[in-house]
Amino acid sequence: TRKFGGTGLGLAICKRLVEAMGGRFILKSELGKGSTFAFEIPVTVLEAAEPWPDLSAREELVAVGHEGVATRHAVTRYLKASGLTVEPLAGAPSETCGLIVAEPAAIEEMGEVATPVVCLGEYGDDAPAALQKAGRAQAVLVQPLRRCELEALLRQHLAGRPLSEAAVGKRGGEAAPSDMFHGRRVLVADDSAVNREVAIEALSRLGVESKVAFDGKQALDAVMAERFDLVLMDGSMPEMDGYEATAEIRRRQEIEGVERTPIVALTAHVVGSAAEAWRECGMDGVLHKPFTLAALARTLGEYMAPSDPGAAPAVVQPEPTPVSAPPAIEGSLLDPQVTDDLRRMAAGGRAEFVERVLNLYRRHAPEAVKRLAEAADDPAEAARAAHALKSMSLNVGARAVADLAARIEADGRAEVVDRKAILELADVLKATLVELDGGAASQPVAPPSAPPVDPDIRSLLDDLKAAIDRDELSLVYQKQMDRDGAQIIGCEALIRWKSPTRGFVSPADFIPLAEQHGLIRPITRWVLQRLMAETADLDGLVVSFNASAVEFADPSFAHDLDALIQKAGFPAKRLEVEVTETAVLGEEEQITRTMKQLHTLGLKVALDDFGVGYSSLSHLRRFPFDKLKIDKSFIDHCHEDVQSAALIHAVAGMARALGMKVVAEGVETEVQKKFLKIAGVHSMQGYLFGKPAPVDVLREEWNAQPLRMTG
């Protein structure tokens, strides 16, 4: 019936897998009702399965609370097979209830109970762990539900032993690892969100505290800034791959004379040159994907000692532990990397913006500490206040405040509030503000300390300033077509510079320099004014233009655009601002505020070049984008590369579910166009439909359309 969309890619993969295993695929379809898919595969019984746990003698009632129909039915079926009576959980359980199996929301709603509780969680959701740490749940099952894990819990319940001691994680006869590694820290570096989630989940089951990096550069920075007991490093990642990152880590650690951090390759390569690349770059071992929990435990055991059995966190709510200033930041309240970035930004012509941001922090940070103190009796509110303070502190380099706020936030989510830590936080903030006023972070407003600019770059910047004044810049427009490639539904304005002395200068050369040296704002103003003048008569055509991360983080950005739009009398609904993901790596509150302001004005916001750099699916959930543009690098081989195809399908499906439109960039062939149409993108742009052209060409094609569409 196509009720839920999709393209059938997953089904096609399943069919190939079944056929490869010597099985057959079965399809039954009825017009107007839908289709049923099933398969049969030949298997050999190695040994008889253990009988399913029989708890009928207990005559026990189990309450199940879950919104998902399939999950609720599956859990109910297994429980009834054990001879248990099942009832739906609605608020507080009945007095005769002997076990509760429910999702986090249902557990929160029912309040404190003495009955054993099993929490049904999802990958990436920290609520189940918080409930378990607070003593509100004794065990966690991560969906999709695994029969063997529920069986282990039922056997534990049958024996009258604590559910928290069940060997959850058992797979098909493989014993769950006995060693745990509480208190150990592992960095997971992988550009795949799915792979990161799997690794985090597996590590958490072994008691490990994990941190993630999305690419090799982030992994390099993390390893050089923090101490980890182990790094799990993917080989193939954007910007800097895992092998390059490892080689650079080894080089720096040798120069600085610091202890060597164990690094293990997390790779799917089993044969070929890539399978041995980990040795050449200085890695210590390899863990092949997909890995089992036992294999991960063995790998951890090679590089660190298991924790003592008594080192596991207590299930009951612990007494608040006094938090002292972290030794690693003693005598260093500020993050030098962030303050250096602020200094460079100020030296590049953004001193006013930097000072405004610092003033905002001086005003709002003490207010956040005050809210935190007032919320001392409300752990959830304390966690929210601490998170807000942590977020704003990280953006100005207030590292000591951010680290202590992060600890208080974690305690709050575990329903613990440490009043002594809040008092200490107030003192740390005072010291930080003093250093901001007179120390490193206050220096950005002093341009004389700026590093000298290369003479060639200075000459180019001078010519660029003159080009803006002399109107040497121009615009071309690249069409955005509907999914059939037949109708223009929008366009993107692209800047060009033809210098009388330098000839054509690529935007890739002068735009980054303009961002670094304070020229990007006048360029964006020029682009917006010119495109409004050139396309004013193209009624209904949506025109997009690019904004930099520096501008998007400026609180005055939306106001400045509004003034230009009002002056030109241009319909704001015909404008779309494109930003890359670097624009959303700053302060979340300000980024969200800017997007809401743009939406209020009537503009749309598009996320450009998705799939490269710092790409994260979480950005799609956290920020209200109207449109998502998939980068050309994934389009190039979408019809022949499984990973590119899978990403396009996944992104298109998620964007649609979140109400976003999807644009494919860099479409050059008919084969790509056909694939993208099937994948579910809304529109496309690329050389297949024409190269970027002056406005006269765009006007002629727009006016020639029998039916004008807008995107």
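Predicted model only: the values in this text are computed from it and were never measured. (Residues numbered from 1 in each chain as written. Predicted model: local features only at pLDDT ≥ 70, side-chain atom pairs only at ≥ 80, totals over all residues. Heavy atoms only, no water.)

1. Here we look at the overall build of the chain
Turning to step 1, where the next piece is worked out: Counting its secondary structure elements, the chain contains 25 helices and 21 strands.
Turning to step 2, where the next piece is worked out: Of all 711 residues assigned to the chain, the portion counted as buried reaches 45%.
Turning to step 3, where the next piece is worked out: As presented, the chain carries roughly 35300 Å² of accessible surface, and 54% of it is formed by carbon and sulfur atoms. (Helix = DSSP H or I, 4+ residues; strand = E, 2+ residues; numbered from the N terminus. Buried < 20%, exposed > 50% of the residue type's maximum accessible area, 1.4 Å probe, protein only. Areas by Shrake-Rupley, 256 points an atom, 1.4 Å probe, with all protein chains shown as cover.)

2. Focus on the pairing of strand S14 (residues 488–499)
Turning to step 1, where the next piece is worked out: In terms of residue burial, S14 counts as a mostly covered element, since ten of its twelve residues are buried.
Turning to step 2, where the next piece is worked out: Pairing analysis gives nine bridges linking strand S13 (residues 473–482) to S14, with the strands arranged antiparallel. Across the sheet, Met 481 pairs through a bridge with Ile 488, a residue of S14.
Turning to step 3, where the next piece is worked out: Taking the residues between adjacent antiparallel strands as the criterion, S13 and S14 are bridged by five residues, where Gly 485 takes a positive phi near 75 degrees.
Turning to step 4, where the next piece is worked out: Where S14 lies against strand S16 (residues 543–546), two bridges are found, and the strand directions are parallel. Of the residues in S16, the one forming a bridge with Glu 492 is Ser 544.
Turning to step 5, where the next piece is worked out: Bridging between S14 and strand S15 (residues 503–505) involves three bridges; their strand directions are antiparallel. (Pairing = 2+ DSSP bridges.)

3. Some points on the pairing of strand S1 (residues 24–30)
Within a regular beta strand, the side chains point alternately toward one face of the sheet and then the other, so they alternate between its two faces.
Turning to step 1, where the next piece is worked out: Where S1 meets strand S2 (residues 34–40), seven bridges bridge the pair, whose relative direction is antiparallel. Opposite Arg 24, over in S2, you have Glu 40 as the bridge partner.
Turning to step 2, where the next piece is worked out: Joining the antiparallel neighbours S1 and S2 is a turn of three residues, in which Gly 32 adopts a positive phi near 85 degrees.

4. A closer look at the nonpolar core
Turning to step 1, where the next piece is worked out: In this structure, Leu 531 and Val 577 are the most contacted members of the largest nonpolar core, which totals 73 residues.
Turning to step 2, where the next piece is worked out: In terms of residues, this core owes the most to one element, helix H17 (residues 520–534), which gives seven residues.
Turning to step 3, where the next piece is worked out: When neighbours within four sequence positions are excluded, Val 577 is seen to be in contact with Phe 545, Ala 547, Phe 552, Phe 557, Leu 561, Leu 598, Leu 603, Lys 604, Val 605 and Ala 606.
Turning to step 4, where the next piece is worked out: Counting residues in each nonpolar core, the second largest holds 29 residues, with Ala 376, Ala 398, Ile 408 and Leu 429 among its members. (Core = buried A, V, L, I, M, F, W, Y, C linked by side-chain atoms within 4.5 Å. Contact = heavy atoms within 4.5 Å.)

5. Details of the sheet that holds strand S4 (residues 85–88)
Turning to step 1, where the next piece is worked out: Sheet architecture is open: five strands sit in the order S4-S3-S5-S6-S7, paired in parallel fashion. The sheet is open, and its two borders are formed by S4 and strand S7 (139–142), each paired with just one other strand. Shown here is a sheet whose adjacent strand axes are inclined to one another by a mean of 25 degrees, direction ignored.
Turning to step 2, where the next piece is worked out: As judged from the four bridges shared by strand S3 (residues 61–65) and S4, these two strands associate in the parallel manner. Residue pairing across strands places Ala 63 opposite Glu 87, the latter belonging to S4.
Turning to step 3, where the next piece is worked out: Here helix H2 (residues 69–81) sits on the sheet in contact with S3, S4, strand S5 (97–102) and strand S6 (117–121), set at roughly 170 degrees to S3.
Turning to step 4, where the next piece is worked out: Strands in contact with helix H5 (residues 147–158) are S5, S6 and S7; relative to S7, the strand with the most contacts, it is inclined by about 160 degrees. (Axes fitted to C-alpha atoms, helices over the stretch in contact; angles between N-to-C directions.)

6. Some details on the sheet that holds strand S9 (residues 209–213)
Turning to step 1, where the next piece is worked out: In space, the five strands of this open sheet follow the order S9-S8-S10-S11-S12, with parallel pairing throughout. Because the sheet does not close on itself, it has two edges, and the strands there are S9 and strand S12 (285–288). This sheet shows a mean twist of 25 degrees between the axes of neighbouring strands, independent of strand direction.
Turning to step 2, where the next piece is worked out: With four bridges connecting them, strand S11 (residues 263–267) and S12 associate as parallel partners. Residue pairing for S12: Leu 266 is matched across the bridge by Leu 287.
Turning to step 3, where the next piece is worked out: Contacts between helix H8 (residues 242–256) and the sheet are confined to strand S10 (230–234) and S11, with S10 contributing the most and set at about 145 degrees to the helix.
Turning to step 4, where the next piece is worked out: Helix H10 (residues 293–303) contacts strand S8 (185–189), S10, S11 and S12 of the sheet and is inclined by roughly 165 degrees relative to S12.

7. Some words on the confidence of the model for the chain
Turning to step 1, where the next piece is worked out: Residues of the chain with pLDDT of at least 70 account for 82%, and the chain-wide mean is 80.
Turning to step 2, where the next piece is worked out: No element of the chain has a lower mean pLDDT than helix H21 (residues 617–622), at 66, and none a higher one than S16, at 96.
Turning to step 3, where the next piece is worked out: Here residues 310–331 is a poorly scored stretch, pLDDT under 50, and it has 36 contacts once near neighbours within four places are set aside; other chains count.
Turning to step 4, where the next piece is worked out: Overall, residues 439–451 carries pLDDT values under 50, and its contacts beyond four positions in sequence, including any with other chains, amount to 22 contacts. (pLDDT = per-residue confidence, 0-100.)

8. Considering the side chain of Asp 418
Turning to step 1, where the next piece is worked out: Residue placement: Asp 418 occurs in the loop between helix H13 (399–413) and helix H14 (419–438).
Turning to step 2, where the next piece is worked out: No salt bridge is formed by the buried Asp 418, whose closest oppositely charged neighbour, Lys 420, lies at an N-O distance of 7.4 Å.
Turning to step 3, where the next piece is worked out: A distance of 3.1 Å separates the side chain of Asp 418 from the backbone nitrogen of Lys 420, its partner in a polar contact. (Lys, Arg positive; Asp, Glu negative; His and termini not counted. Salt bridge = Lys/Arg side-chain N within 4 Å of Asp/Glu carboxyl O. Polar contact = N/O pair within 3.5 Å; in protein donor to acceptor, adjacent residues only side chain to side chain.)

9. Details of the side chain of Ser 544
Turning to step 1, where the next piece is worked out: Counting through the fold element by element, Ser 544 comes out in strand S16.
Turning to step 2, where the next piece is worked out: Separated by 2.9 Å, the side chains of Ser 544 and Glu 578 make a polar contact.
Turning to step 3, where the next piece is worked out: Ignoring anything within four residues of it in the chain, the contact list for Ser 544 reads Gln 480, Cys 491, Glu 492, Ala 493, Glu 576 and Glu 578.

10. Description of the packing of aromatic side chains
Turning to step 1, where the next piece is worked out: All chains considered together, the criterion is met by five aromatic pairs.
Turning to step 2, where the next piece is worked out: Judged by centre distance (6.3 Å) and plane angle (40 degrees), the ring pair of Phe 25 and Phe 37 falls under tilted. Highlighted residues: Phe 25 in strand S1 and Phe 37 in strand S2, separated in sequence by twelve residues.
Turning to step 3, where the next piece is worked out: The class for Phe 25 is partly exposed, based on a relative accessible area of 23%.
Turning to step 4, where the next piece is worked out: In this structure Phe 37 comes out as partly exposed when scored by relative accessible area, which is 41%.
Turning to step 5, where the next piece is worked out: A centroid spacing of 5.5 Å and a plane angle of 85 degrees characterise the contact between Trp 497 and Phe 510, whose relative ring orientation is edge-to-face. (Phe/Tyr/Trp six-rings, centres within 6.5 Å; stacked < 30°, edge-to-face > 60°.)

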